[in-house]
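Below, each chain spelled out in residue letters.
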Amino acid sequence: MTYFYKTMKSPLGELKLVASNDGLAAILWENDDPKRVRLHPQEENKTHPVLLETERQLNEYFAGRLENFSLTLDFAGTDFQKKVWKALLTIPFGETRSYGQIARKIGHPKAVRAVGAANGKNSISIVAPCHRVIGANAQLTGFAGGLKAKAWLLDTESRHAMQQKSKAA
């Protein structure tokens, strides 16, 4: 399978968007470990429709105008990893969950470390919001984009969620 990519600027640095013909396969960070996500071969394609739509939605998200992405995702991983990544998609905008909560949600309550490992292999950062997963003690834990980026994403979402709640009240 061939993957296509384009890069985009974001408030958190350059992001590399990767798609297959089946959907979005990855959002990679500027300093991402090349061994973390292995999707090869890749061809640059600045006009691929999945990549253009991903860029549009990410720009809306960063501007605070989008809370839920509507993209077709093409996760590449084990069945267990895919189960974890699909659970990430259920974490509401502006909220967090612990690794233990995710483990219980997918029916493997003792697999907290395995959930953490799968979370670390999530190739579709931001859209499959692994940044919303925190330690049991509410501390920020590892993130491919770095803890500074994780804190920025969580702070931005929390601020926008609070604004939406105050508008609704």
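Asker: Give me the packing of aromatic side chains: which residues, what numbers.
Answerer: Applying the stated criterion to the full structure yields 6 aromatic pairs. Ring centres of Trp29 and Phe143 lie 5.3 Å apart, and the angle between their planes is 70°; this geometry places the pair in the edge-to-face category. You can see Trp29 sitting in strand E3 (residues 23-29) and its partner Phe143 sitting in the loop between strand E6 (133-134) and helix H5 (147-168), a full 114 residues away along the chain. Residue Trp29 shares its accessibility class with Phe143, and that shared class is buried. Through pairs of rings, three or more aromatic residues link up here, namely Tyr61, Phe62, Phe69, Phe93 and Trp152. Positioned above the aromatic ring of Tyr5, the side-chain terminus of Lys16 is 4.5 Å from the ring centre.

Asker: I'd like a description of the side chain of His48, backed by residues and values.
Answerer: Locating His48 in the fold gives a position in the loop between strand E4 (42-44) and helix H1 (49-62). The exposure class of His48 is buried, given its relative accessible area of 7%. Not counting residues within four places of it along the chain, the set of residues in contact with His48 comprises Phe4, Ala19, Ser20 and Asn21.

Asker: For the environment of Tyr99, give the residues involved together with the corresponding values.
Answerer: Here Tyr99 is to be found in helix H3 (residues 99-105). As a C-alpha pair, Tyr99 and Asn119 span 20 residues in sequence and 8.7 Å in three-dimensional space. Residues in contact with Tyr99, not counting those within four places in the same chain, are Val112, Val115, Gly116, Asn119, Val133, Ile134, Gly135, Thr141, Gly142 and Lys150.

Asker: Lay out the nonpolar core in plain terms, naming residues and giving numbers.
Answerer: Grouped together as the largest cluster of nonpolar side chains are 38 residues, with contacts concentrated most on Leu15, Ile27, Leu58, Tyr61, Phe62, Phe69 and Ile126. Those residues within four positions of Phe62 in sequence are excluded, and the remaining contacts are Met8, Ser10, Pro11, Leu12, Leu15, Ile126, Trp152 and Leu153. Core analysis: the next-biggest nonpolar cluster, separate from the first, contains 7 residues, Val18, Ala26, Leu28 and Leu39 among them.

Asker: Lay out the pairing of E3 in plain terms, naming residues and giving numbers.
Answerer: Summarising burial for E3: 7 of the 7 residues are buried, a large majority. Alignment of strand E2 (residues 13-20) against E3, held across 6 bridges, turns out to be antiparallel. Counterpart to Leu15 in the pairing with E3 is Trp29.

What counts, and at which threshold
Sequence order as written defines residue numbering, which begins from 1 separately in each chain. Where totals are concerned, whole chains, interfaces and linings use all residues; where local detail is concerned, this predicted model gives features only for residues with pLDDT of at least 70, and gives and counts side-chain atom pairs only at 80 or more. Note that the side-chain values use all heavy atoms of the structure and ignore hydrogens as well as water. Aromatic pairing here means that ring centres of Phe, Tyr or Trp (its six-membered ring) are within 6.5 Å. Orientation follows from the plane angle: under 30 degrees is stacked, over 60 is edge-to-face, and everything else is tilted. Under the scheme used here, helices are H or I runs from DSSP no shorter than 4 residues and strands are E runs no shorter than 2 residues, and both carry numbers assigned from the N terminus. Each residue is placed in one exposure class: buried if its accessible area under a 1.4 Å probe, protein chains only, is under 20% of its type's maximum, exposed if it is over 50%, and partly exposed if it falls in between. A ring is scored as having a charge over it whenever the NZ atom of a lysine or the CZ atom of an arginine sits within 6 Å of its centre and within 35 degrees of its normal. The criterion used for residue contact is that any of the two residues' heavy atoms lie within 4.5 Å. Only buried Ala, Val, Leu, Ile, Met, Phe, Trp, Tyr and Cys residues count toward a nonpolar core, and they belong to the same one when joined by side-chain atoms within 4.5 Å. At least two DSSP bridges between two strands are needed for those strands to be called paired.

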